[in-house]
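A structural walkthrough
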Amino acid sequence: MRVSVIQMNQGSDKAANLAQARRLIEAAVEADRPCLVTLPETWTNLGGGRDSRKAAAEILPPAGSGEPGGAAYEMLRDLARTHGIHVHGGSMIEDGAEKLFNTTLVFDPSGAEIARYRKVHLFDITGPDGTGYKESALYGAGDQLVTFEAGGITFGCTICYDIRFAEQYLALRKLGVEAILVPSNFTLQTGKDHWEVLLKARAIESQCWILAAASTGQYEERGAQRSVYGHSLVADPWGHVVAKVSDGIGWATARIDPTVTARVRRDMPVLEHRAARPITL
């Protein structure tokens, strides 16, 4: 199964972000013929402050209802249907009435929504340069693991900061997942030291393919310039990076090979070893 990770440089102009995402997905489809494409975290908006995020948010139709949604929702649905592919919409800002959510949507080749995941771990940290981030000031947290099937492969959903919580990836593996998506806006400060290390670690521990579409470049946040790391990639269950995007916007395509997954899990059956020798602390 061929998959493409899309790397964007989005900002606070939602219409421009939608146009950029469409252009990149269509270019990837034309060049590489993927079965699934995945976008970065909050690809509809990055920066501009609280009001910009609220303006970009969409009220989502009831899951599985087939009812129409907002501009970004309908664009993802249209791209899936037009090109006959699975579209993993990275994450977008969901207007949940009481609060916003950082939410993944997945559409199958018929344009039907088949998965919806709200980010579980919110990014409330102080970066190495002293910059503070408090995602929980605006967003609510999800509380459900989400999987979906595409091309005979079971995928698990995570978003960005989730990558630091290995137990979530182990839980997905126990649900039968073979590949895990990690759409992200990793900061430059944390990304240069931790991005690839964490993605490889989660691949090795879970023995899953990791698909990490990320944002790149600079954006404006309340008058200040911030930078995100990019380096979107695909890693195999052994932790090898098998595809990676260069600097700037673009995409990378790789093939998920179930025989590789099966061989890694057969030769090093860590899940079985964990079940046979549980540790009580």
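For the structure itself, consult the block above.
About the thresholds
- Residues numbered from 1 in each chain as written.
- Predicted model: local features only at pLDDT ≥ 70, side-chain atom pairs only at ≥ 80, totals over all residues.
- Heavy atoms only, no water.
- Phe/Tyr/Trp six-rings, centres within 6.5 Å; stacked < 30°, edge-to-face > 60°.
- Helix = DSSP H or I, 4+ residues; strand = E, 2+ residues; numbered from the N terminus.
- Buried < 20%, exposed > 50% of the residue type's maximum accessible area, 1.4 Å probe, protein only.
- Lys NZ or Arg CZ within 6 Å of the ring centre and 35° of its normal.
- Core = buried A, V, L, I, M, F, W, Y, C linked by side-chain atoms within 4.5 Å.
- Contact = heavy atoms within 4.5 Å.
- Polar contact = N/O pair within 3.5 Å; in protein donor to acceptor, adjacent residues only side chain to side chain.

Describing the packing of aromatic side chains
Evaluated as defined, the whole model comprises six aromatic pairs. On the basis of an interplanar angle of 50° and a centroid distance of 5.3 Å, the ring pair of Phe123 and Tyr133 is categorised as tilted. With Phe123 in the loop between strand E6 (113-118) and strand E7 (124-126) and Tyr133 in strand E8 (residues 132-134), this residue pair connects regions lying ten residues apart in the sequence. With respect to class, Phe123 is no different from Tyr133; both count as buried. Aromatic side chains Tyr161 and Phe165 sit 5.3 Å apart centroid to centroid with 85° between the ring planes, which places their arrangement in the edge-to-face category. For Tyr161, a relative accessible area of 16% translates into the label buried. Using a relative accessible area of 22% as the deciding quantity, one classes Phe165 as partly exposed. A cation over a ring is seen here: Arg118 above Phe101, with NZ or CZ 3.6 Å from the ring centre.

Notes on the nonpolar core
Core analysis: the largest hydrophobic core is formed by 46 residues, its most contacted members being Leu36, Phe148, Phe155 and Leu211. Those residues within four positions of Phe155 in sequence are excluded, and the remaining contacts are Met1, Leu36, Val146, Thr147, Phe148, Ala150, Val177, Ala179, Leu181, Leu211 and Ile256. Ranked by size, the runner-up nonpolar core spans 23 residues in total, among them Leu18, Leu76, Met92 and Phe107.

Notes on the side chain of Gln10
Here Gln10 lies in the loop between strand E1 (2-7) and helix H1 (14-32). Overall, the relative accessible area of 2% leaves Gln10 in the buried class. Within the local environment of Gln10, its side chain forms a polar contact with the backbone oxygen of Glu41, the two atoms lying 3.2 Å apart. Within the structure, the side chain of Gln10 is placed 2.9 Å from the side chain of Ser215, a separation counted as a polar contact. Setting aside chain neighbours within four positions, we find Gln10 in contact with Asn17, Gln20, Pro40, Glu41, Thr42, Trp43, Asn45, Leu46, Asn185, Ser215 and Tyr219.

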